[in-house]
Protein chains: 2
Amino acid sequence: MNDRRLAEQVRIVGSGLLGASIGLGLRAHGVDVIVEDTSPSARKLAIAYGAGRAPAGGDRPGLIVVAVPPDVTATVVAAELKRYPEALVTDVASVKVGPLEELREARVDLSRYIGTHPMAGRERGGAVSARADLFIGRPWIVAGHDGIGYRDAAPIEDMILDLGAVPIEMDVADHDRSVALVSHAPQLVATLMAARLLDGSAAALGLAGQGLRDTTRIAESDPALWTQILGANAGAVAEVLRPLRGDLDRLLTALDSPDEPASRRAIAELLTAGNDGVGRIPGKHGTDKRFASIVVKIDDKPGELARLLTEIGEEGVNMEDLRLEHSPETRVGFADISVVPEAAHTLAAALEHRGWTLMEAER
Amino acid sequence: MNDRRLAEQVRIVGSGLLGASIGLGLRAHGVDVIVEDTSPSARKLAIAYGAGRAPAGGDRPGLIVVAVPPDVTATVVAAELKRYPEALVTDVASVKVGPLEELREARVDLSRYIGTHPMAGRERGGAVSARADLFIGRPWIVAGHDGIGYRDAAPIEDMILDLGAVPIEMDVADHDRSVALVSHAPQLVATLMAARLLDGSAAALGLAGQGLRDTTRIAESDPALWTQILGANAGAVAEVLRPLRGDLDRLLTALDSPDEPASRRAIAELLTAGNDGVGRIPGKHGTDKRFASIVVKIDDKPGELARLLTEIGEEGVNMEDLRLEHSPETRVGFADISVVPEAAHTLAAALEHRGWTLMEAER
């Protein structure tokens, strides 16, 4: 097959979800993939699922992908560097500073190592959950350090592109700080709010709207996995949460004397900072445009939403985003549709003409 | 018209979004609605939009709805109670303890007053944004106190039902505590996280996934409005946020020594509490069932999502929920579809057979 960039033989060490998915994806492009695992049965399973072949005498991998848990990543990377003195070695752990420090302490040849982090995953792990398409459309960070140039890591970029992901260059410290901000701290903030719900009455929880649901959604994540991730990136996460605690302390002081003008000002300033912060999140396709929102009432019967979207298509309007809201106590739902502002007025009129009930969502 | 419960003539004081929407909704049922406002031009506008008629000699309202800002609610309620000694008076302010205390201090006749809170709104205020259907499917709390029984407030429940909302009985203190937990505290938690994004690099923000987007979505809300709401319910909000700060302090201590077993345990316990908390939020239709999730890749071209939903309908499967995810750097999207677990396997197979690519979402 010629529709690939990566030319090298690839050895994957660790046949869990990520390792097996990389193997499946590369084999779909005709790459010769070798699968290794400390567990022979795990290796057999991954091979049975088509992630690659067993190691053999004469293997000369040009690229080695270490896909093992963070706490053993550096040890395995060091062993592979030593065993294959010609190969480029990478890993896919979700933290990058710690493993690099361990490798520095072990005095290995860092000119052949560069870590990466594919921002993809599934709820269930293991080769049985692996998918060749796991990485399609996902950012995949190549976490540089001063022992190697990004150009020397070209096969890694080839692999990322072959797997359909988007390579992003970022040094290890920036990586760990970035994921602390956009992934690890939000995880904990959602968790902190969700934990408060244990104190609420059932009647209070019955009033929950879309705002609470959205704010706490990721608090459903697996505690065992996240304890490991947060432990491995604790410093960077604390750097986000400590100033957050400073803001919270000022907020609590303001709430203790809410009628003081200074308190009103402090609350208003924090809310404005929140507006500005959320405005910095890139929109769809990496741009920052804002869309107009149209909220349509959807009766809870099969096919209503499909009919709405089909009719929006018939009006020639491209929907930029869609969010469903439910009213907890009734069988009524609302579809919040984002479209370019120019199209909003005409579409709203057309939908009302077609018999839909339009409204706007509670914030 | 006979399709109504409410028999009384209704007087609405305050012709902003809520007052005018109540007027529009009741007039659609044939109720005689009188609109009053301290601003003659605002009153004229609301009447022009069809929210009711101007006051006249001989008006004998059986129900008066005070729909003015929270800080003047008690004053206006007291004046209306005095002016119409036969009428039942309510208000629609989003906090309930403060206005009642003011009325107690003013020693008015509380046997004819009971406050309410419709959990509905729009981003824009004023009669121009008013909608007869603003309240459909929304919870509308009737906030009881010991000066009046819920049975004596039957016309208020009639009005709520006529407007399509769901009346919920709850005393004033429970109301303020409940909205602090499910609405006001989440607003601030989302804001605290969003404010941290001001410190992030553009590259870090470029990695933002659906988790960050959901956690911070409501931080877009209007600072002026929320400063007033939070000020009026400061005590109850602080009662939620103070234990949250306690959890955050313990978390920061754990993050400072992440390798200690006690730290790992503290982080794991918090994450588990978050799991349990989010599990208390009622699901669709007020039940707590869990659904199976199927994630389908959607190419970014018009009509793809409509086609998917139509085909799901053709398979005879009722979709319980739908969430769209976007990959920030590419033109690929994912539809996360919730269905009853029994239907998941068959539907997934059918969709793959129809040529869709299935995957699962990153948590």
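Here is a short report on the structure shown in this document. Sequence order as written defines residue numbering, which begins from 1 separately in each chain. As they are written, the chains are lettered A onward and the ligands numbered 1 onward, keeping that order. Local features in this predicted model are restricted to residues whose pLDDT is 70 or higher, and side-chain atom pairs enter the listing and the counts only when it is 80 or higher, whereas totals over whole chains, interfaces and linings include all residues. Only hydrogens and water are set aside; all other atoms, that is, all heavy atoms of the structure, feed into the side-chain values.

## Comments concerning the packing of aromatic side chains
Residue and element names in this part refer to chain A.
Stage number 1. Stacked, tilted and edge-to-face are the three classes assigned to paired rings of Phe, Tyr and Trp, where Trp is represented by its six-membered ring and a pair needs centres within 6.5 Å; plane angles under 30 degrees give stacked, over 60 edge-to-face, the rest tilted. Within the structure shown, the criterion is met by 2 aromatic pairs over all chains.
Stage number 2. Between the aromatic rings of F135 and W140, the centroid separation amounts to 4.8 Å while the plane-to-plane angle is 45 degrees, which identifies the pairing as tilted.
Stage number 3. Judged by relative accessible area, F135 falls into the buried class, the value being 1%.
Stage number 4. Three exposure classes are used, based on accessible area relative to the maximum for each residue type with a 1.4 Å probe and protein chains only: buried under 20%, partly exposed in between, and exposed over 50%. Residue classification places W140 among the buried positions, given a relative accessible area of 0%.

## Quick notes on a negative patch on the surface
All names here are of chain A.
Stage number 1. Taken together, the side chains of D71, E101, E102 and E105 define an acidic patch exposed on the protein surface.
Stage number 2. When residues of the negative patch are assigned to their parent elements, the largest contribution, 3 residues, is made by helix 4 (residues 97–105).
Stage number 3. With respect to the secondary-structure elements, E101 resides in helix 4. For patch building, the residue pool is restricted to those with more than 30% relative accessible area and no salt bridge; the joining distance is 9 Å between like charges and 5 Å between nonpolar side chains (Val, Leu, Ile, Met, Phe, Trp, Tyr). Only the protein chains shown count as cover for residues, with accessible areas throughout obtained via the Shrake-Rupley method and a probe of 1.4 Å. We count a salt bridge whenever a side-chain nitrogen from Lys or Arg sits within 4 Å of a carboxyl oxygen from Asp or Glu. As used throughout, the charge tally considers Lys and Arg to be positive and Asp and Glu to be negative, leaving His and the chain termini uncounted. Where a charge lies is defined by one atom per residue type: Lys uses NZ, Arg uses CZ, Asp uses CG and Glu uses CD. Secondary structure elements are taken from DSSP: a helix is a run of H or I of four residues or more, a strand is a run of E of two residues or more, and numbering for both begins at the N terminus.

## Some words on a nonpolar patch on the surface
Residues and elements named next belong to chain A.
Stage number 1. On the surface, L45, Y49 and V128 cluster together to form a nonpolar patch covering roughly 270 Å² of accessible area.
Stage number 2. By the secondary structure assignment, Y49 is in the loop between helix 2 (40–48) and strand 3 (63–66).
Stage number 3. Among the residues examined, Y49 registers a relative accessible area of 43% and is labelled partly exposed.

## A closer look at the nonpolar core
Stage number 1. Residues grouped as a nonpolar core are buried Ala, Val, Leu, Ile, Met, Phe, Trp, Tyr and Cys residues, joined through side-chain atoms within 4.5 Å. Core analysis: the largest hydrophobic core is formed by 90 residues, its most contacted members being A:L241 and B:L241.
Stage number 2. In this description, contact between two residues means that some pair of their heavy atoms is separated by no more than 4.5 Å. When near neighbours in sequence (up to four residues on either side) are disregarded, B:L241 contacts A:L248, A:L251, A:L252, A:L255, B:A185, B:L188 and B:V189.
Stage number 3. Among the nonpolar cores identified, the runner-up in size contains 46 residues, and A:I294, A:A306, B:A306 and B:W356 belong to it.

## A few points about the pairing of strand 5 (residues 115–118) of chain A
All names here are of chain A.
Stage number 1. Here strand 5 shows a buried face lined by G115 and H117 and a second buried face lined by T116 and P118.
Stage number 2. Pairing between two strands requires that DSSP report at least two bridges joining them. Examined bridge by bridge, strand 5 and strand 6 (residues 139–144) share 4 bridges and lie antiparallel to one another. In the sheet register, H117 faces strand 6, and the bridge partner there is I141.

## Examining the pairing of strand 3 of chain A
Residues and elements named next belong to chain A.
Stage number 1. In strand 3, alternate side chains face the same way, and those of L63 and V65 on one face and I64 and V66 on the other are all buried.
Stage number 2. For strand 1 (residues 10–13) and strand 3, the ladder comprises 4 bridges, and the chain directions are parallel. Within the sheet, the bridge partner assigned to V10 lies in strand 3 and is L63.
Stage number 3. Pairing of strand 3 with strand 4 (residues 88–91) involves 4 bridges; the strand directions are parallel. Note that in strand 4 the partner of L63 across the bridge is L88.

## Details of the environment of A:R245
Stage number 1. Looking at where A:R245 falls in the secondary structure, it is placed in helix 10 (residues 234–256).
Stage number 2. With 100 residues separating them along the chain, A:R245 and A:H145 place their C-alpha atoms 32 Å apart.
Stage number 3. Apart from residues no more than four positions distant in its own chain, A:R245 is found in contact with B:L248, B:D249 and B:L252.

## Quick look at the sheet that holds strand 5 of chain A
Residues and elements named next belong to chain A.
Stage number 1. Across the sheet, which stays open at both edges, the 3 strands sit in the order 5-6-7 with mixed pairing between neighbours. Of all the strands in the sheet, the pair left with one neighbour each is strand 5 and strand 7 (166–171). Averaged over all neighbouring strand pairs, the angle between strand axes comes to 25 degrees, with direction disregarded.
Stage number 2. Two elements, strand 6 and strand 7, share 6 bridges in a ladder whose sense is parallel. Opposite W140, over in strand 7, you have P167 as the bridge partner.
Stage number 3. Across the face of the sheet, helix 5 (residues 154–162) comes into contact with strand 5, strand 6 and strand 7 while running at roughly 140 degrees to strand 7. Orientation is described by lines fitted to C-alpha atoms, with helices fitted over the stretch in contact, and by angles between N-to-C directions that extend from 0 to 180 degrees.

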